[in-house]
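Letter by letter, the chains look like this.
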Amino acid sequence: MARVTLTQHLIEQQRAGRITADLRLLIEVVARACKAIGVNVSKGALAGVLGEAGTDNVQGEAQKKLDVIANEILLQANEWGGHLAAMASEEVEEVHQIPFDYPKGGYLLLFDPLDGSSNIDVNISVGTIFSVLSNPVDGPGEPGEIAFLQPGTEQVAAGYALYGPSTMFVLTVGHGVHGFTLDREMGSFVYTHPFMTIPVSTQEFAINMSNMRHWEAPVQRYVGELLEGVAGPRSKDFNMRWVASMVSDVHRILTRGGVFMYPMDAKCRDKGGKLRLMYEANPMAMIVEQAGGAATTGRERILEVAPQRLHQRVPVVLGSSEEVERVTRYHLDPQS
Ligand code: P6P
């Protein structure tokens, strides 16, 4: 049977009126940039791109960390496309405007170009996360930070690339979550995972246990019950996974269920949390909800958080709805 590619899938979404031609082309450009990032990531030490910036490679050029390379690939790929009014990246403090001589479009693109990059040097999977908003600013003016500060419910598309044993591209435009696997011979993303769905219940949790002493009481209680296993109030045993690469942990949950937590704790409280709202929590929350899961800060739905700053952080609890609802209930009703 002829294999459907990302391009064909997007054309079908456009024919069904679910996305515009411009959004289709934007997603294609992002996916192509992710392929280029994957090529660099998979070279590892061979490309002289591991390790810290500041050292010189054989040509005497300053070596760049992979996340800087990934950021440049995404910025350059999207500047000329004509679909964007502006971009925002974890790697760039300010909003990135489209060069004045390039055509502009009606979308805002936000991304974490290489999430989990601390895992690069130890050859553990990393990913790229992206989010698409509509530009609320009419007319030719350059959108400032304010234009980006929209709640996650306003996202028109969200997705990630996972540079793992296989390179995958996972996408939602608000009509389910769909996964694509890179066929390296063809160079195209093949539609391999239609309508990815997160099981309601699970026996697997993901959290950095080394932070236990810093957690707030509801998380202490919740994880304590998981660790009590079948003899405890949950009456079943739980397994734990922590890749310390959000895209990998979320992809596992999308594939077989689970609950992922980077909760508020005494260590990250002054920053508001660990993970970034606009280009980590929001896109992943849209994906998780579209796959039938849930995503909260522990106290409120992530997609309804009103952003105050472009790079703000939030606590994150996401995955199998039964578990996310329990953790959230423990925060909101400690006597429950
Ligand atoms: P910790 C990676 O740096 C990241 O932003 C996420 O991808 C990941 O879930 C988290 O931080 C890991 O944090 O504290 O376990 O190193």
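What counts and what doesn't
Residues numbered from 1 in each chain as written. Predicted model: local features only at pLDDT ≥ 70, side-chain atom pairs only at ≥ 80, totals over all residues. Heavy atoms only, no water. Domains from an automatic or database assignment. Contact = heavy atoms within 4.5 Å. Buried area = accessible area lost by both parts, 1.4 Å probe. Salt bridge = Lys/Arg side-chain N within 4 Å of Asp/Glu carboxyl O. Polar contact = N/O pair within 3.5 Å; in protein donor to acceptor, adjacent residues only side chain to side chain. Helix = DSSP H or I, 4+ residues; strand = E, 2+ residues; numbered from the N terminus. Nonpolar A, V, L, I, M, F, W, Y, C, P; charged D, E, K, R; others polar. Buried < 20%, exposed > 50% of the residue type's maximum accessible area, 1.4 Å probe, protein only. Pairing = 2+ DSSP bridges. UniProt positions renumbered as here; feature names shortened; annotations may be inferred.

Bringing the domain arrangement of the chain into the picture now. Each domain of the chain was delimited in the assignment, giving domain 1 (6–193) and domain 2 (204–332). For domain 1 versus domain 2, the distance between C-alpha centres works out to 24 Å. The interface of domain 1 with domain 2 comprises 44 residues on the first partner and 29 residues on the second. Buried surface at the junction of domain 1 and domain 2, summed over both partners, amounts to about 2,700 Å²; 66% is from carbon and sulfur atoms. Of all residues in domain 1, Ile129, Leu149 and Tyr160 bury the most surface against domain 2, accounting for 20% of the area lost on that side. Summed over the shared surface of domain 1 and domain 2, the result is one salt bridge. Residue Glu90 is joined to Arg276 by a salt bridge in which the shortest nitrogen-to-oxygen separation is 3.5 Å. For the interface between domain 1 and domain 2, the tally reads 13 residue pairs in polar contact (both at pLDDT 80 or more). Mapped by element, the contributors of at least two residues to the side of domain 1 that touches domain 2 are strand S1 (84–89), strand S3 (107–115), strand S4 (126–134), helix H4 (145–148), strand S5 (157–163) and strand S6 (167–172). In terms of residues, the side of domain 1 that touches domain 2 owes the most to one element, S4, which gives seven residues. Broken down by class, the residue content of the side of domain 1 that touches domain 2 amounts to 23 nonpolar, 16 polar and five charged.

A few words on the pairing of strand S7 (residues 177–183). Along S7, seven of the seven residues are buried, which leaves the element largely enclosed by surrounding structure. Residues Val177, Gly179, Thr181 and Asp183 line one face of S7 and the alternating positions His178, Phe180 and Leu182 line the opposite face, and both faces are buried. Where S6 meets S7, five bridges bridge the pair, whose relative direction is antiparallel. Looking at the pairing, Val170 lines up with Gly179 of S7. The hairpin turn running from S6 into S7, its antiparallel successor, is four residues long, and Gly174 in that turn takes a positive phi close to 100 degrees. Inspection of the sheet shows S7 paired to strand S8 (residues 188–193) by five bridges, in the antiparallel sense. Bridged to Thr181 within S8 is Val190. Remark: four residues form the turn of the hairpin made by S7 and S8, two consecutive strands paired antiparallel; Gly187 in that turn has positive phi of roughly 75 degrees.

The next thing to look at is the sheet that holds strand S15 (residues 316–319). Across the sheet, five strands lie side by side as S10-S9-S11-S15-S13; this open sheet has mixed pairing. A strand with exactly one partner marks an edge of an open sheet, and here the two such strands are strand S10 (239–240) and strand S13 (294–296). Here four bridges tie strand S11 (residues 259–262) to S15, and the two strands are oriented antiparallel to one another. When the sheet's bridge partners are listed, Met261 is paired in S15 with Val317.

A few words now on the pattern of salt bridges. Counting across every chain of the model gives 12 salt bridges. Residues Arg269 and Glu216 are paired through a salt bridge, measuring 3.2 Å at the closest nitrogen-oxygen approach. In this pair, Arg269 is assigned in the loop between S11 and strand S12 (275–276) and Glu216 in the loop between strand S9 (204–206) and helix H5 (217–228), connecting sequence segments 53 residues apart. Because the salt bridges share partners, they merge into one network encompassing Glu204, Asp249, Arg252 and Arg256.

Moving on: the UniProt feature "binding site: substrate" (unreviewed entry) in the chain. Those residues carrying the UniProt feature "binding site: substrate" (unreviewed entry) are Asp115, Gly116, Ser117, Ser118, Asn208 and Lys274 in this numbering. Side-chain polar atoms of Ser117 contact the side chain of Asp67, separated by 3.1 Å. Here Asn208 is to be found in the loop between S9 and H5. Among residues more than four places away in sequence, those in contact with Asn208 are Trp215 and Trp242. At 2.6 Å, the side chain of Asn208 and the side chain of Ser210 are in polar contact.

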